[in-house]
Each structure stands twice: as structure tokens, then as C-alpha cells.
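# Remarks on the overall topology
In case you want the letters, here they are:
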Amino acid sequence: MKAVLLAGGFGTRLRPLTVNTPKPIVPIFDRPFLYHQIDVLRRLPEIDEVILSLNYQPDRIREQVGDGAGAGLPIRYVVEPEPLGTGGAIKFSEPHLDGTTVVFNGDVLTGIDLAALVALHRERGARATIVLAPVDDPARYGVVETAPDGRVIRFVEKPDPDEIRCNTINAGIYVLEPDTFDRIPPGTKYSIERSYFPSLVERGESFVAHIERGYWRDIGTPASYRQAHRDILEGRCAAPPFAGAPGDRIVADGAAIQSGARLEGPCFVAPGATIRRGARIGPGSVIGRSVVVGQDAVVGGAILWPETVVGDGAVMRQAIVGHRCRIGAHAELGPSVVLGDDSQVAPYTRAG
Ligand code: GDD
Ligand code: MG
């Protein structure tokens, strides 16, 4: 069985972080995001290959993830010549599929039990099975209504407010039968949400929903990306490096904490990072590989990507900072700051 990860989007809502780092390899702590998805896929032993469906910066992903040895499942790269949309991308992957297929949106973090999902799909003899998640703000998702027996009766992508009649949304995880892809025109932009799913409903084909009550989040905005880290740090999402327990301080081997630096958990310091004298790392902070936090600096819940240097006395509150940034001494950056790679912040700057 193959799994398709739809990972060709531009990650626009995560810009500037995604300018050089496509969403599938945005780091969650110090692992590329898609490794967390592959952790979930690996729990279904039938899956023998992950098809990464890409078009945006495929080489950056290939450089980092290679053949999948580090992720634990073989990876095949399928690169569209141009973005074909979610349905077009699945159709483009079809020659590599071998029957019932698991499909994941490339930006959802979840601990779902895929074996149970595939079992449900088979028991019901479904043509398609979809995972739904209950949320407070359905408008920015695909809203899915179901009948009491679990059949999908309506699918509306990004509904207008007056179209929302329930709080269950498309979680971006499907089990699909490839012989239903006959309706997708090859080589054409086609949305699985706007065209394929509504057509299953219209034609009365067996389209089944599973409502997932466990952890689920789309990491596609800075706020939700930050929240995903919080959820792992605080034990709501069982993922490395905290594995489901409310976290303490995790300091990787090869990180240097100088005397007089203080770390308050839950927080994470990656290998090669240096926390200088008098610096304070507060709860919720994520310090990436080879980051340097200067003397007496304060990191209060910020996420710092590898090789960033925080100047002496700087204060970083919940900002998200890309690779190799230089934060001048005594700068103060607040929660709305998201810095792209290689940003330079002058000493004493105040922002956010
Ligand atoms: N290969 C490929 N080609 N992948 C694509 C393309 C494409 O042209 N367009 C989007 N994708 C990938 C994105 O990389 C992402 O992983 C996934 O498809 C979904 O696209 P998003 O841009 O993240 O969509 P969304 O978050 O607005 O909405 C989707 O996800 C929601 C759940 O998070 C929809 O599936 C909604 O129905 C759903 O509720
Ligand atoms: Mg998304």
C-alpha cells in the first residue's frame, strides 16, 4: 500500500519561513515536519512507500530527506511540472499506486490510528473514507456533514458563514480507491475538495467519515505552527522529543549551557546550541541547532531556527526566527514577529 503526502503548496501563510524552507521540511523542534507524518504512516505496516507529491522547491526537500532512510520509510518523489491542485496531484501520482491508498495533506499534525481507519474503510466497503476533526472555526477549512451512519452527505470547501451547519471539518487524511480517479482529468488543475468529494456525494458513492477525537492540527500559519510546539511541549500531542508527557527541559547532547544560565521547562535546546552566562530560557522556548543565545538575553517562548545568534541582553518573546538571523544586543521582539532567514536586527530594535 502506498501513502501520498500532498506537499506541493507554496506555504504562503507561513511566509517568510517558507521562502527557503518548504512546509514539509519546516522544523518541528529539530526534525523536518514530514518525519512526524511518516511516524504515523509507519504504524500501518502495509504501507511500503511514501509518495511525496511536490512542485515547490522539490530539490530542497530531496537534499534534506533523501531516500527516506532517516524517516523510516522509502520515499518516492513525484514532481508536477506545474501545481495541479490537490486532486490533480493525486491523479499525477496514480501510476505509482497499487490499490487502496492513504492520502495526507502535508501540513497536518496528528496521532491518528491509521490501521483502524483502513479497517473502517474496508468494513464499510467504502470508495473513499475521510477523517474529520471538530473545530471551533470551521470557515477556514472544508466543512463536512455526515449522516448518523457516518456517510458523508455534504462537503463545502471554505464555506461562507451561512453555509456552516456543523463543526466537523476535513482533517486532510483520506483512504481512497484509485478507480474513483477516473473523474479527474489528467494534467489539469483539479481540487479534491471542491470537485472530487462533492462528486462522490452527488453520485451516491460510498463515502464514509471517521470523526477523530484525538490530537489534530494544521501547522500552516505562524500561530498554529507555534501552537503545535506548545502542544508537544505540554504533552497534548504525543510526538518527539516529548512523547506525550508534559515536558521538562530537554537539552540535547552537544548543547552548551554556561554557568549562570537558567532554563525553565518545558523547553528544548538542540545539539550544538550555546546558552551564555546569565541568559534565561523560559517555558515554551525552542532553541535550534547551533543557535547562540547571548549573555543575559531572555528567550520567553520564542522558536529560533538553526544558526541564529541572539545578542547580549536581547529579549525574544514568542517570536519565530528563521535560519541564520542576527539579533542585535538588547533588541526586544514580541509575539507577532516572524523573521525570514538571514534577517539582521539592529541593536535596541523594538518590534512586535
Ligand atoms: N502536490 C501538490 N500540488 N500539493 C498541493 C497543491 C498542488 O497543486 N496544492 C496544495 N497542495 C498541498 C499543500 O502542500 C498542503 O499540504 C495540502 O495540499 C492542502 O493544501 P493547503 O493549502 O494547506 O489547504 P488548506 O489548509 O487551505 O485546506 C486543506 O486542508 C484543510 C485541513 O487543514 C483542505 O483539504 C481543507 O478541506 C481542509 O479542511
Ligand atoms: Mg493547510
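Above this text sits the structure in question.
The text that follows walks through the structure, step by step, so that each part is easy to find. Every chain is numbered independently, its residues counted from 1 as its sequence is written. A letter from A marks each chain and a number from 1 marks each ligand, given out in the order of writing. Predicted model: local features are reported for residues with pLDDT of at least 70 only, side-chain atom pairs are reported and counted for 80 or more only, and whole-chain, interface and lining totals are derived from all residues. Computation of side-chain values: all heavy atoms of the structure, hydrogens and water removed.

## Some points on the overall build of the chain
Of regular secondary structure, the chain possesses 6 helices and 31 strands. Each radius of gyration is computed over the set of C-alpha atoms, and the globule rule expresses the reference value as 2.2 Å times the number of residues to the power 0.38. Here the chain has a C-alpha radius of gyration of 21 Å; the compact-globule value for 352 residues is 20 Å, and the two agree. In this analysis, two residues are considered to be in contact whenever any of their non-hydrogen atoms come within 4.5 Å of each other. When contacts within the chain are restricted to residue pairs at least 6 apart in sequence, long-range pairs at least 24 apart make up 50% of them. In this description, accessible areas are obtained by the Shrake-Rupley approach with a 1.4 Å probe, and a residue is regarded as covered only by the protein chains that are shown. Just so you have it, the chain exposes about 14,200 Å², and 48% of that area is on carbon and sulfur atoms. The average position of the 38 basic charges and that of the 42 acidic charges among the side chains of the chain differ by 4 Å. Here a strand is any run of E in DSSP of at least two residues, a helix any run of H or I of at least four, and the numbering for each starts at the N terminus. Charge assignment in this entry is limited to Lys and Arg as positive and Asp and Glu as negative, and neither His nor the chain termini are counted. A single reference atom marks each charge: NZ on Lys, CZ on Arg, CG on Asp, CD on Glu.

## Focus: the coordination of the magnesium ion (ligand 2)
Looking at the magnesium ion (ligand 2), the protein donor atoms are D107 (OD) and D218 (OD), and they sit 2.1 to 2.6 Å from it. Of this pair, D107 sits in the loop between β6 (101-105) and β7 (108-110) while D218 sits in strand β13 (residues 216-218), and the two are 111 residues apart along the sequence. Note on D218: relative accessible area 16%, which makes it buried. In this description, a donor is an N, O or S atom within 2.8 Å of the metal centre, a cutoff extended to 3.2 Å for sodium, potassium and calcium. Water is not part of the atom list, which can make sites seem incomplete. Exposed residues in this analysis have more than 50% of their type's maximum accessible area, buried residues have under 20%, and partly exposed residues fall in between, with area computed by a 1.4 Å probe over protein chains only.

## Some points on the environment of L5
Within the secondary structure, L5 sits in strand β1 (residues 2-6). Using a relative accessible area of 1% as the deciding quantity, one classes L5 as buried. Taking the C-alpha atoms as reference points, L5 and L52, separated by 47 residues in sequence, lie 5.1 Å from one another. Not counting residues within four places of it along the chain, the set of residues in contact with L5 comprises L34, Q37, L41, V50, I51, L52, S53 and F104.

## Things to note about helix α3 (residues 85-93)
Inspection of α3 places G87, G88, A89, I90, K91 and S93 among the buried residues, and these make up the whole buried set. Close packing links the buried residues of α3 with β1, β4 (49-54), β5 (75-79), β6, β11 (168-176) and α5 (192-202).

## Details of the site of ligand 1
Summary of the distance rule: residues count as near a molecule or strand when at least one heavy atom falls within 4 Å of that molecule or strand. Near ligand 1, the surroundings consist of 27 residues, among which L6, E80, E157, N170 and E193 are the closest. Polar contact criterion, stated in full: a pair of N or O atoms within 3.5 Å, where within protein one must be able to donate a hydrogen and the other to accept it, and residues adjacent in sequence count only if both atoms are side-chain atoms. Within the side chain of N105, one N or O atom sits 3.0 Å away from an oxygen atom of ligand 1. Taken together, the elements giving at least two residues each to the shell around ligand 1 come down to β4, α3, β11 and β13. With 3 residues, the single largest contributor to the shell around ligand 1 is α3. Counted by class, the shell around ligand 1 contains 9 nonpolar, 10 polar and 8 charged residues. Here the term charged refers only to Asp, Glu, Lys and Arg, the term nonpolar to Ala, Val, Leu, Ile, Met, Phe, Trp, Tyr, Cys and Pro, and the term polar to all other amino acids, Gly among them.

## Here we look at the sheet that holds strand β19 (residues 280-281)
Picture the strands of a sheet paired through backbone hydrogen bonds; they go either parallel or antiparallel. If DSSP finds at least two bridges between two strands, the strands pair. Pairing within the open sheet is parallel, and its 6 strands lie in the order β16-β19-β22-β25-β28-β31. A single partner strand is all that each edge strand has here, and the edge strands are β16 (262-263) and β31 (350-351).

## Notes on unusual backbone geometry
For the bond from P240 to P241, the omega torsion is 5°, close enough to zero to count as cis. Following the sequence through the fold, P241 ends up in the loop between α6 (222-233) and β14 (249-251). With an omega dihedral of -5°, the bond running from G265 to P266 counts as a cis peptide bond. One can find P266 in the loop between β16 and β17 (267-269).

## Focus on the packing of aromatic side chains
Here is the rule: rings of Phe, Tyr and Trp (six-membered ring for Trp) pair when centre to centre is within 6.5 Å. Planes less than 30 degrees apart are stacked, more than 60 are edge-to-face, and the remainder are tilted. Evaluation of the coordinates by the stated rule reveals 8 aromatic pairs. Centre to centre, the rings of F155 and F197 are 5.1 Å apart; their planes meet at 25°, and the pair counts as stacked. In this pair, F155 is assigned in strand β10 (residues 152-157) and F197 in helix α5, connecting sequence segments 42 residues apart. Here F155 matches F197 in class, with each residue buried. Between the aromatic rings of Y196 and F197, the centroid separation amounts to 5.3 Å while the plane-to-plane angle is 65°, which identifies the pairing as edge-to-face. You can call F197 buried: its relative accessible area is 0%. Following the ring pairs from residue to residue traces out a cluster consisting of F155, Y174, F181, Y196, F197 and F207.

## Quick word on the pairing of β1
Most of β1 sits out of view: 5 of its 5 residues are buried. A two-sided burial pattern is seen for β1, the buried positions comprising K2, V4 and L6 on one face and A3 and L5 on the other. Bridge analysis of β1 against β6 gives 5 bridges, and the strand direction is parallel. Across the sheet, residue K2 finds its bridge partner in β6, namely T101. Across 5 bridges, the pairing between β1 and β4 is parallel. Bridge pairing in β4 links A3 to V50.

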